[in-house]
Amino acid sequence: MKLNLKIWRQNDAKSKGKMVQYPLDGVDGDMSFLEMLDVLNEELINKGEEPVEFDHDCREGICGACSLQINGEPHGPDRKITTCQLHMRKFNDGDTIVIEPFRANAFPVIKDLMVDRSAFDRIQQAGGYISVNTSGNTVDANAIPIEKEKADDAFNAATCIGCGACVAACKNASAMLFTSAKVSQFALLPQGQVEATDRVLNMVRQMDLEGFGNCTNTGACEVECPKGISLENIARMNREYVSASVKG
Ligand code: SF4
Ligand code: FES
């Protein structure tokens, strides 16, 4: 396949970026999207040009690092996969592919296609944990009975990989889907009840401080989420938030 790549190049958060065109030949349908970028970067390095910076780690849909906006969609045209799981067979010979970083004020560009998503870490640090007694009388986790439906919902919420696609997909750059998944994974379990009130208040406060926008129920986040995190989590977080606010 021969492709025409249009890639966002930007030196750092302060400099102005621009789209740069790169023709790329010899792309195989079995390559992953990131392998295709590796091929481009090898060509650029061989020509003495600066390679394109992009984020990646596991390359198997687990870490959430690969954060590319491909033809206007976070993680590209496929559903329920990350960019590293996207294959070039999804594209056709002669296609133009526009590749940009995830766009949100709370995700400043570090360089080219790589953005700083440490705002998510700070939301998580604000309350995304439980306290466990490890003083010698620890209770085995399986000793606490949990309804199957609740265990499944908590597990599904916990599959959020913190990729940021929900923010990039949202016209308001809202982080409600991410934050609600991190609230829900504990709110549904008895182990999560000790800090439940503080957790939701602190995580929502941090989310607002980071500059993410509000949710206006368009649902784009759920459509683009590679892990299928449900909007039901946002409804649950809102209920948790109202109840925590009343308790004070
Ligand atoms: S909710 Fe989905 S899209 Fe958002 S960070 Fe988690 S896995 Fe990524
Ligand atoms: S590189 Fe880890 S999810 Fe894509």
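Source: prediction; values computed, not measured.

**Describing the overall build of the chain**
Here comes step 1: When its secondary structure is counted, the chain shows 8 helices and 7 strands.
Here comes step 2: By its C-alpha atoms, the chain is 60 × 35 × 35 Å across when sized along the principal axes.
Here comes step 3: Taken across its 248 residues, the chain has 37% of its residues classed as buried.
Here comes step 4: Taking contacts inside the chain between residues at least 6 apart in sequence as the whole, the part at least 24 apart equals 70%.

**A closer look at the sheet that holds strand β2 (residues 18-24)**
Here comes step 1: Read from one edge of the open sheet, 5 strands run β2-β1-β5-β3-β4, paired in mixed fashion. Each edge of the open sheet carries a strand with a single partner, namely β2 and β4 (73-74).
Here comes step 2: Alignment of strand β1 (residues 3-9) against β2, held across 7 bridges, turns out to be antiparallel. Pairing of Leu5 across the sheet is with Tyr22, part of β2.

**So, the domain arrangement of the chain**
Here comes step 1: By domain assignment, the chain separates into domain 1 (3-111) and domain 2 (117-133 + 144-247).
Here comes step 2: Across the contact, 18 residues belong to domain 1 and 17 residues belong to domain 2.
Here comes step 3: Residues belonging to the side of domain 1 that touches domain 2 are distributed by class as follows: 8 nonpolar, 7 polar and 3 charged.

**Side note on the environment of Glu147**
Here comes step 1: Mapped onto the fold, Glu147 is located in the loop between α2 (118-125) and α3 (148-158).
Here comes step 2: The exposed category is assigned to Glu147, around which 9 C-beta atoms lie within 10 Å.
Here comes step 3: Considered as a pair, Glu147 and Leu24 are 123 residues apart in the sequence and their alpha carbons are 53 Å apart.

**Things to note about the pairing of strand β5 (residues 96-101)**
If a strand is regular, its side chains alternate between the two faces of the sheet.
Here comes step 1: As defined by bridge partners, β1 adjoins β5 across 4 bridges and the pair is classed as parallel. The residue bridging Leu5 from the neighbouring strand is Ile97, located in β5.
Here comes step 2: Judged from the 3 bridges that link them, strand β3 (residues 68-70) and β5 form a sheet pairing that is antiparallel. Across the sheet, residue Gln69 finds its bridge partner in β5, namely Glu100.

**Structural notes on the site of ligand 1**
Here comes step 1: Around ligand 1, the structure places 14 residues, and the nearest of them are Cys160, Cys163, Ala165, Cys166 and Cys225.
Here comes step 2: Within the residue set of the shell around ligand 1, elements represented by two or more residues are α4 (165-169) and α5 (176-187).
Here comes step 3: No other element matches the 3 residues that α5 contributes to the shell around ligand 1.
Here comes step 4: Residue composition of the shell around ligand 1, grouped by class: 11 nonpolar, 2 polar and 1 charged.

**What about the packing of α3 against α5?**
Here comes step 1: It is at 8 Å that the axes of α3 and α5 come closest, and there the two elements cross at 145°. Crossing of α3 against α5: the hand is left-handed. Of α5, the residues touching α3 (which contributes Ala154, Ala157 and Ala158) are Ala181, Ser184 and Gln185.
Here comes step 2: For the contact of α3 with α5, the per-class residue count stands at 4 nonpolar, 2 polar and no charged.

**Quick notes on the nonpolar core**
Here comes step 1: Core analysis: the biggest nonpolar cluster contains 41 residues, and Cys166, Val167 and Leu177 have the highest contact counts within it.
Here comes step 2: If you list the elements that add at least two residues to this core, you get α2, α4, α5, α6 (196-209) and α8 (232-247).
Here comes step 3: When residues of this core are assigned to domains, at least three fall in each of domain 1 (3-111) and domain 2 (117-133 + 144-247).
Here comes step 4: Ignoring anything within four residues of it in the chain, the contact list for Leu177 reads Cys166, Cys221, Glu222, Cys225, Ile229, Asn233 and Ile234.
Here comes step 5: Grouped together as the second largest cluster of nonpolar side chains are 20 residues, Leu3, Leu40, Leu68 and Phe91 included.

Criteria and cut-off values
- Residues numbered from 1 in each chain as written.
- Chains lettered and ligands numbered in written order.
- Predicted model: local features only at pLDDT ≥ 70, side-chain atom pairs only at ≥ 80, totals over all residues.
- Helix = DSSP H or I, 4+ residues; strand = E, 2+ residues; numbered from the N terminus.
- Buried ≥ 20, exposed ≤ 12 C-beta atoms within 10 Å, placed from the backbone.
- Contact = placed C-beta atoms within 7 Å.
- Pairing = 2+ DSSP bridges.
- Domains from an automatic or database assignment.
- Nonpolar A, V, L, I, M, F, W, Y, C, P; charged D, E, K, R; others polar.
- Near = placed C-beta within 6 Å.
- Axes fitted to C-alpha atoms, helices over the stretch in contact; angles between N-to-C directions.
- Left-handed = near helix turned anticlockwise from the far one by under 90°.
- Core = buried A, V, L, I, M, F, W, Y, C linked by C-beta atoms within 7 Å.

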